[in-house]
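Working through the structure, step by step
Each chain, letter by letter, is given below.
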Amino acid sequence: MVMTTLDGKRFAQMVLQGATHLANNAKTVDALNVFPVPDGDTGTNMNLSMTSGAKEVKNHVSDHIGKVASALAKGLLMGARGNSGVILSQLFRGFAKAVEQKSEINSKEFAAALEAGVQTAYKAVMKPVEGTILTVAKDAAKRAVTVAKKETDIVTVMTEVLKEAKASLKRTPDLLPVLKEVGVVDSGGQGLVFVYEGFLAALKGETIAESETLSMEQLVRTEHHRNVQSHLSADDIEFGYCTEFMVKFEQEKVAKHPFQEETFRQDLSRFGDSLLVIADDELVKVHIHAEQPGEVLTYAQRYGSLINIKIENMREQHANIVHENVPQPKKQERLPYGIVTVAMGDGIAELFKSIGAHAVIEGGQTMNPSTEDIVKAIEEVNAETVFVLPNNKNIILAAQQAASVASCDVVVIPSKTVPQGMTALLSFNPSATKEENEEAMTEALHRVKTGQVTFAVRDTNIDGVEITKDDYMGIADGKIVVSHKELMHVVETLLSHIISEEDEIVTILSGEDATDEQTAHVVQWIEKQFPDVEVETHHGGQPLYPFIFAIE
C-alpha cells in the first residue's frame, strides 16, 4: 500500500519505534567507541536523549505532524547528553522547524525536513567532522531529496534513506582514519541508523519489542525538586508552587504585546526562581517556582491561551517526603558570579568546591549529564553570570545548549579534563569582568597537561600501541601512549612521556581503586626521577581511572 502523506500520529509511532530500537541496541553502539576505555557511552547518551524526546511525544500525540515534531524537538533538547545526543537533538530541531506549520507532509516535504535537520545540526557544531553521525545524516537526507523528486511513497523514500544511511556508515572509516585504524564504524552514525530502522519498521506497520535485558529505570529521573527536600523545612520554601505551563500564541494578543523571549524571561523572574523558558514561533514553555502562580499565569496570558497547566504545592510534597524538620539557610541574594563544574568522584568534587565551585554536577566518563541537568545546576547557583566547566569533551556541546536556554548569563569554558577545569577555576578572579575572566580561564586550559591511567575494554591497536583487553593504558592529553598489564609500568612510562624539564608541579588525583601504597610509590618515583618537580596528592575517588595527573 502506497503512503503518500505522513501525519502526526504515524510520525509519533516512528519516533517511539526509533527510540525503542535504539534502546535495545545502546550497548552495541557503546561498543563502537574508538577509544577502548570504559567510558564508551555514545549509545547510552543517544538512548537517554531519544527516550526524553519519545516521552515528550507520548504526552503530545496529535494528528498534526508539526506539533508532534515540535514535542520531539523539545524533549530531545532538554534530554540531550553528550555530543551525540546534542547532534541528534539538532537534527530533529531542524526537522521540526521545517514541518511546524503542516498537519501532514508528502514525500518531498519529508525529504526537505530531513535536509533542514542536517543544516541545523551542522550549524550547531563549531568544527564539523566528516565520518561521523553528521555525515550519515547528510548522505541519507541527500538521498531522500533525490528519491522524493520522482517517488511519492514515503515508505519507499524512508527505505532509501535507511539504505543510504547504512552505506554512509560503512564509508565512515574512509573519512575518519582513526575509525579505520581501530576497525569500527562511527558509533553516533550507527545510533542514527538504529533510529532510522525503527522509523521504517513503524511505517511498515511492524512493532519492535522492548528488550528486557536493558533496565529503563535509569531513564526515569526523580522529580526535579525531590533531591533537595531533605535540606529544607516546609516553612522555609520561599516560592511554594512548582508551576509549569505552555502559552499558545494568539495573533491578536501578540500584535498588541509583541513577544520577546528575553523580555518575557526577565518579566517572569520577578515572580519566583528556578525559571526555565523555551520558546518557538508557536508557543512558549515555562517552568517556575512561584508563590503566586495565578499572577504568573495572568501575565503569560497576555500573549495567548494557556495549555498543559500543572501546579504543585511543594510544601505539601515536602511534608509527604520528609518526616523531620531540617534547618535551611535563608535564601541568599543573587551572586554576581557562579561556577558550575562536572566531576566524578567525591574527592574531586570536594576539591572543586574548595577552590571556588558553587555546584558540582556528578558526571563525566561513564555518565554525561543532560542539558536539563546542567540548566538546573546553573539556576540553583542563583548568580547573574555563571561559568560552566564541563571537564569532558563529550559534555561541552550539552553545556553550550544549556547556556542557550538558561535564564541567566552563562559562559562555557571548554575544559576537556579535570586538570584543565581546576586550572581554569584557579584563574577565575571575582573582581574581574566577565570578559576578562572568560579570556583568563580559557587561556589557562593550555597551561596544564593531563595524564590519565585506565584499563582497556577490548583488544585493539591505536597509533601503533598494541592494546589487550583488561590491560592498563596511559593517556597523555587524549592520546594513548602506553598499554601494559602492570599498573606501575604504565604510570612510569606515561609520566616519563608527559613530564618535561620546564614543568614545576605534578598533582596526583588517586582513584577509588588506587591503594595508598601505590600512590606513595608514584610520589617516590616522581621525586627520584624529577627532583626539581613539586608533587601534590589528593584522593579524587574517581571510578575507572586509578590515577589522573595534572602537570604544570
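This report concerns the structure included in the present document. (Residues numbered from 1 in each chain as written. Predicted model: local features only at pLDDT ≥ 70, side-chain atom pairs only at ≥ 80, totals over all residues. Heavy atoms only, no water.)

**Focus on the overall build of the chain**
Each helix and strand counted, the chain has 21 helices and 18 strands in total. Within the chain, the fraction of its 552 residues that count as buried is 55%. Taking the intrachain contacts of the chain between residues at least 6 apart in sequence as the baseline, contacts between residues at least 24 apart amount to 72%. For the chain, the accessible area works out to roughly 25200 Å², and carbon and sulfur atoms hold 48% of it. (Helix = DSSP H or I, 4+ residues; strand = E, 2+ residues; numbered from the N terminus. Buried < 20%, exposed > 50% of the residue type's maximum accessible area, 1.4 Å probe, protein only. Contact = heavy atoms within 4.5 Å. Areas by Shrake-Rupley, 256 points an atom, 1.4 Å probe, with all protein chains shown as cover.)

**Quick word on the pairing of strand β5 (residues 283-290)**
Within β5, seven of the eight residues are buried, which leaves the element mostly enclosed by the surrounding structure. Inspection of the sheet shows strand β3 (residues 241-249) paired to β5 by eight bridges, in the antiparallel sense. Looking at β5, one finds that glutamate 244 is bridged to histidine 287. (Pairing = 2+ DSSP bridges.)

**Looking at the packing of aromatic side chains**
Summed over the entire model, instances satisfying the criterion amount to 18 aromatic pairs. Look at phenylalanine 259 and tyrosine 303: their rings are 5.4 Å apart centre to centre, the planes differ by 90°, and that puts the pair in the edge-to-face class. Of this pair, phenylalanine 259 sits in the loop between α11 (251-256) and α12 (261-269) while tyrosine 303 sits in the loop between α13 (293-300) and β6 (304-313); the two residues are 44 residues apart in sequence, bridging distant segments of the chain. A single burial state applies to phenylalanine 259 and to tyrosine 303, both of which are buried. Site record: aromatic cluster; members linked through ring pairs are Phe11, Phe92, Phe95, Phe110, Tyr196 and Phe199. (Phe/Tyr/Trp six-rings, centres within 6.5 Å; stacked < 30°, edge-to-face > 60°.)

**Section: unusual backbone geometry**
Here asparagine 382, not a glycine, exhibits a phi torsion of approximately 60°, which is positive. Secondary-structure assignment places asparagine 382 in the loop between α16 (371-381) and β9 (383-389). Classification of asparagine 382 as buried rests on a relative accessible area of 17%. Although it is not a glycine, leucine 544 sits at a positive phi angle of roughly 70°. If you trace the backbone, leucine 544 turns up in the loop between β17 (534-539) and β18 (547-551). Note on leucine 544: relative accessible area 18%, which makes it buried.

**Some details on the packing of helix α6 (residues 107-124) against helix α8 (residues 154-175)**
Contact pair α6 / α8: the axes reach a minimum separation of 9 Å and the direction vectors enclose 30°. The pairing of α6 with α8 is recorded here as roughly parallel in orientation. The two elements α6 and α8 meet at a crossing, and its hand is right-handed. Judged by residue contacts, Ser107, Phe110 and Leu114 of α6 engage Ile154, Val157, Met158 and Val161 from α8. Within the contact of α6 with α8, the residues separate by chemical class into six nonpolar, one polar and no charged. (Axes fitted to C-alpha atoms, helices over the stretch in contact; angles between N-to-C directions. Parallel < 35°, antiparallel > 145°, perpendicular 65-115°, else oblique. Left-handed = near helix turned anticlockwise from the far one by under 90°. Nonpolar A, V, L, I, M, F, W, Y, C, P; charged D, E, K, R; others polar.)

**Concerning the sheet that holds strand β11 (residues 449-455)**
The strand order across the open sheet formed by six strands is β15-β14-β11-β18-β16-β17, and the pairing between neighbours is mixed. What marks the edges here is a single partner per strand, and that holds for β15 (479-484) and β17. Taken pair by pair, the neighbouring strands of this sheet meet at an average axis angle of 20°, ignoring direction. Judged from the five bridges that link them, strand β14 (residues 472-476) and β15 form a sheet pairing that is antiparallel. Following the sheet pairing, methionine 473 is matched in β15 by serine 483. On top of the sheet, helix α18 (residues 418-426) reaches β11, β16 (505-510) and β18; it is set at about 40° to β18, its chief contact.

**Details of helix α15 (residues 346-354)**
Those residues of α15 lying buried are Ile348, Ala349, Leu351 and Phe352. The buried residues of α15 occupy an angular sector of 160° when projected down its axis, which confines them to one face. Residues Asp346 and Ser354 are exposed on α15 and point more than 90 degrees away from its buried face. Looking at the packing, one finds that the buried side of α15 touches β7 (335-343), β8 (359-362), α18, β16 and β17. Phi for glycine 356, located one or two positions after α15, is positive at around 125°. (Arc of directions from axis to C-beta.)

**Regarding a negative patch on the surface**
On the surface, a cluster of negative charge is made up of Glu435, Glu436, Glu438, Glu439 and Glu443. Exposure remark for glutamate 443: the relative accessible area of 46% places this residue in the partly exposed category. (Patch = residues over 30% accessible without salt bridge, like charges linked within 9 Å, V, L, I, M, F, W, Y side chains within 5 Å. Salt bridge = Lys/Arg side-chain N within 4 Å of Asp/Glu carboxyl O. Lys, Arg positive; Asp, Glu negative; His and termini not counted. Charge placed at Lys NZ, Arg CZ, Asp CG, Glu CD.)

**Description of the pairing of β3**
By the bridge criterion, eight bridges tie β3 to β6 in an arrangement that is antiparallel. Note that in β6 the partner of threonine 243 across the bridge is isoleucine 311.

**Re helix α5 (residues 82-99)**
In a regular helix each residue adds 1.5 Å, so 18 residues correspond to 26 Å; α5 covers 26 Å between its end C-alpha atoms and thus fits that length. Among the 18 residues in α5, 14 count as buried, and that is most of the element. (Expected span 1.5 Å × (residues − 1).)

**Overview of the environment of threonine 433**
Mapping threonine 433 onto the fold places it in the loop between α18 and α19 (434-444). Measuring from C-alpha to C-alpha, the distance between threonine 433 and tyrosine 337 comes to 9.9 Å, with 96 residues separating the pair along the chain.

**Structural notes on empty space enclosed by the protein**
Picture a little ball the size of a water molecule; that probe, rolled over the atoms, points out where space is still empty. Scanning the entire structure with this criterion turns up one cavity of 30 Å³ or more. Taken together, Leu91, Phe92, Phe95, Ala113, Leu114, Gly117, Val118, Ala137, Leu192 and Tyr196 form the lining of the largest cavity. Those elements that place two or more of their residues in the lining of the largest cavity are α5, α6 and α10 (187-203). Here the lining of the largest cavity takes four residues from α6, the largest share from any one element. A breakdown of the residues in the lining of the largest cavity according to their chemical character gives nine nonpolar, one polar and no charged. (1 Å grid on protein atoms, 1.4 Å probe; cavity = no way out; pocket = protein on both sides within 12 Å on 5 of 7 lines; lining within 4 Å. Points joined across faces, edges and corners; volume = space filled by probe spheres on them.)

**As for the side chain of serine 427**
Along the polypeptide, serine 427 turns up in the loop between α18 and α19. With a relative accessible area of 18%, serine 427 lands in the buried category. A polar atom in the side chain of serine 427 sits 3.0 Å from the backbone oxygen of threonine 423. At a separation of 3.1 Å, a polar atom in the side chain of serine 427 contacts the side chain of arginine 447. Setting aside residues up to four positions removed in sequence, serine 427 forms contacts with Asn437, Ala440, Met441, Ala444 and Arg447. (Polar contact = N/O pair within 3.5 Å; in protein donor to acceptor, adjacent residues only side chain to side chain.)

**Notes on the packing of helix α1 (residues 8-24) against helix α4 (residues 65-79)**
Across the interface, α1 lies against α4 with an axial gap of 8 Å and an inter-helix angle of 30°. One element, α1, and the other, α4, form an angle in the roughly parallel class. In the crossing of α1 with α4, the sense of the turn from one axis to the other is right-handed. Residues Gly8, Phe11, Ala12 and Val15 of α1 lie in contact with α4, whose contacting residues are Ile65, Val68, Ala69 and Leu72. Split by residue class, the contact of α1 with α4 holds seven nonpolar, one polar and no charged.

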